[in-house]
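What the coordinates show
Single-letter residue listing:
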Amino acid sequence: MADSIRIKNLIDGEWLVDDNETTVALYNPSTGAQIGEAPMSSAATVEAAVKSSHAAYLKWCEVPIGKRVSYIFAIHTAMQNNLEKLAESIAIDQAKHISEARGEVQRVIEIMEMACNAPSLLQGETLAHIAPGINGRVTRQPLGVFCGVAPFNFPALVFGWFIPFAIAAGNSFVFKPSMKSPLFMQEMGQLMLDAGLPKGVVNIVHGEREVAETWYQMREVAGVCLVGSSPTAKSIAEACGRVAKKTMLLGGAKNYLVALEDAQIDLLITNIIQSGYGSAGQRCLASSIIAVVPELYDQVVECVVEAAQKISVGDAMDPDVFMGPVISAQAKQRIEACIESGIESGARLVLDGRNPDIPEANKNGYFIGPTIFADVTPCMKIAQVEIFGPVLSIMKINDLDDALDLIQKQPTGNGACLFTQNMYYAEKFMADADVGMVGINVGVCAPHPYMPFGGIKESLVGNNKVQGKEGYDFFTQNKVSTIRVAAPAGQLAADASVGDPTEVATGKGDVRSCTAS
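Residues numbered from 1 in each chain as written. Predicted model: local features only at pLDDT ≥ 70, side-chain atom pairs only at ≥ 80, totals over all residues. Heavy atoms only, no water.

Attention now goes to the side chain of Gln186. Within the secondary structure, Gln186 is located in helix 7 (residues 183–194). For Gln186, the contacting residues outside a window of four places in its chain are Arg6, Ile7, Lys8, Trp15 and His206. (Helix = DSSP H or I, 4+ residues; strand = E, 2+ residues; numbered from the N terminus. Contact = heavy atoms within 4.5 Å.)

Dropping the structure here:
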């Protein structure tokens, strides 16, 4: 294997390879070829990364906030200058199409800009005269070492959701990329080093669940972050709850896109295609179920099939391609099993994406073309599970209330979109859709960086969302101070409002306050 990539751990400012650690193969999903290997870090390696970050935290938290932000801005500038290289790293091992990879990196650059507002967003609060001569103050403080787990599908975006906010607030961070898409963080780690970020403030380790299991046992770890499946989020929540560590855990999704009778059909079809087949359907805000009223149903099925048949599938680096492969051979097999399940349950397969026409150089890649089921019902497995692939299920609904009822019954609640020109319907959907993020006449309801991102129900295990002002809420703790402002000794003047001090000392009087007075 020529030019094999050796993924390394970044610990205490050094790229490290432990020859005694086992490795797993790293593949290019567009070709199926092995392109390198990544380490399965030992418990000792993970512990070394945490201890390095803890030592760094003790110094980093004392760095003035303006200086900390200057490092964030330097990393932001480095990302701008290396956007294409970063995008290519995503397109190679994650196989997101290069145009979408560029968009992902650009979004992280925008998130970094948001994170640079730390001096304003981290200001505390003061309330004067809460009692005679006493003031109250709330100060936002860092907690220590945070650790984070990234999924394969957004290696850059999840870095942006976690690390800029954590370190701008004064924490340090240990990051575990997905073993399927670690290349981005190899590039990003070097950019952080080149920007002068002090060693240990951000460390990178690779491995599977054993990495997080080591984190749970270490007192230096203040909290754990995850973007992944709901079962994994619940498992981490349980483990961290037993040892009183904070968690920010974003789980799975099953998203509805609802089309009412007054939807603009061209806008609707364009957004269905972009939402359902962008990133090959491997994103938590992909519209998986297209719920359509009877007046538009047949037209939508016909138009979506016609548009999907025009989608070009191929190598993620090919500029003429719209959709790349799925992440792995196992993912391809799982998605094909979901397609079989749909057929067996009676759904009408109106577009079969299995075995798409692929260039010879990509014959061993993990490709599934756009797939569409019609006449799907809520009881079918394909309407219930997160397929995480380029498969759309078109379902007939009676009206808006019918759609809202189906959304409410979903155990997850990440996002939902509505296409209508009726403001009553739009307002009702925004108020009543049982999800955390809503889109009106947009197919992907991803909030911009200055607003929080996250679902509800099983899509968010806990209370903390990412990015925006809420991005800082998780990575800080409030310390409340109650301060008596007293005159220097010898200058204390009698305060008539206090009364006889002997009453306080001896417990006399009608009422004794349980707060400072």
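Structure shown, so let's carry the discussion forward.
Strand order in the open sheet formed by 7 strands is 15-16-17-14-13-19-20, with mixed pairing between adjacent strands. Here the strands that pair on one side only, and so sit at the sheet edges, are strand 15 (348–351) and strand 20 (437–440). Averaged over neighbouring strand pairs, the angle between their axes works out to 20 degrees when direction is ignored. The sheet contact formed by strand 14 (residues 287–292) and strand 17 (residues 391–396) spans 4 bridges and is parallel. Residue pairing across strands places Ile290 opposite Ile394, the latter belonging to strand 17. Helix 10 (residues 265–277) rests against strand 13 (255–259), strand 14, strand 16 (371–374), strand 17 and strand 19 (415–419) of the sheet, and its axis sits at about 135 degrees to strand 17. (Pairing = 2+ DSSP bridges. Axes fitted to C-alpha atoms, helices over the stretch in contact; angles between N-to-C directions.)

The subject of this paragraph is the nonpolar core. Counting 136 residues, the largest nonpolar core has Met79, Phe159, Trp161, Phe162, Val258 and Phe475 as the members making the most contacts within it. Considering every element that reaches this core, the biggest residue donor is helix 6 (residues 155–168), with 11 residues. Val258 has contacts with Ala291, Ile397, Ala403, Ile407, Cys417, Leu418, Phe419 and Phe429, leaving out every residue within four places of it along the chain. Core analysis: the second largest hydrophobic core is formed by 23 residues, Val145, Trp215, Val224 and Ile236 among them. (Core = buried A, V, L, I, M, F, W, Y, C linked by side-chain atoms within 4.5 Å. Buried < 20%, exposed > 50% of the residue type's maximum accessible area, 1.4 Å probe, protein only.)

Turning next to the sheet that holds strand 7 (residues 134–141). Spatial strand order, 6-7-23: 3 strands in an open sheet with antiparallel pairing. For this open sheet the edge positions go to strand 6 (125–131) and strand 23 (477–484), each flanked by a neighbour on one side alone. Within this sheet the neighbouring strands show an average axis-to-axis angle of 20 degrees, counted without direction. Relative to strand 7, strand 6 runs antiparallel, the two being bridged by 4 bridges. Note on strand 7: the bridge partner recorded for Thr126 is Arg137.

Using the criterion set out here, one finds 12 aromatic pairs in the structure. Here Trp161 and Phe453 contribute two aromatic rings whose centre-to-centre distance is 4.5 Å and whose plane-to-plane angle is 40 degrees, an arrangement assigned as tilted. One end of the pair, Trp161, is in helix 6; the other, Phe453, is in the loop between strand 20 and strand 21 (456–457), and 292 residues separate them in sequence. For the residue pair Trp161 and Phe453, the accessibility class agrees, reading buried in each case. Among the aromatic residues, those joined into a ring-pair cluster are Phe146, Phe162, Phe173, Phe175, Phe474 and Phe475. Here the guanidinium or amino end of Lys96 rests over the ring plane of Phe154, the centre of that ring lying 3.5 Å away. Lys396 extends its terminal NZ or CZ atom over the ring of Tyr297, reaching a point 4.8 Å from the ring centre. (Phe/Tyr/Trp six-rings, centres within 6.5 Å; stacked < 30°, edge-to-face > 60°. Lys NZ or Arg CZ within 6 Å of the ring centre and 35° of its normal.)

Here the focus is the side chain of Ser328. Within the element layout of this structure, Ser328 appears in the loop between helix 11 (294–308) and helix 12 (329–344). By relative accessible area, which is 9% here, Ser328 ends up buried.

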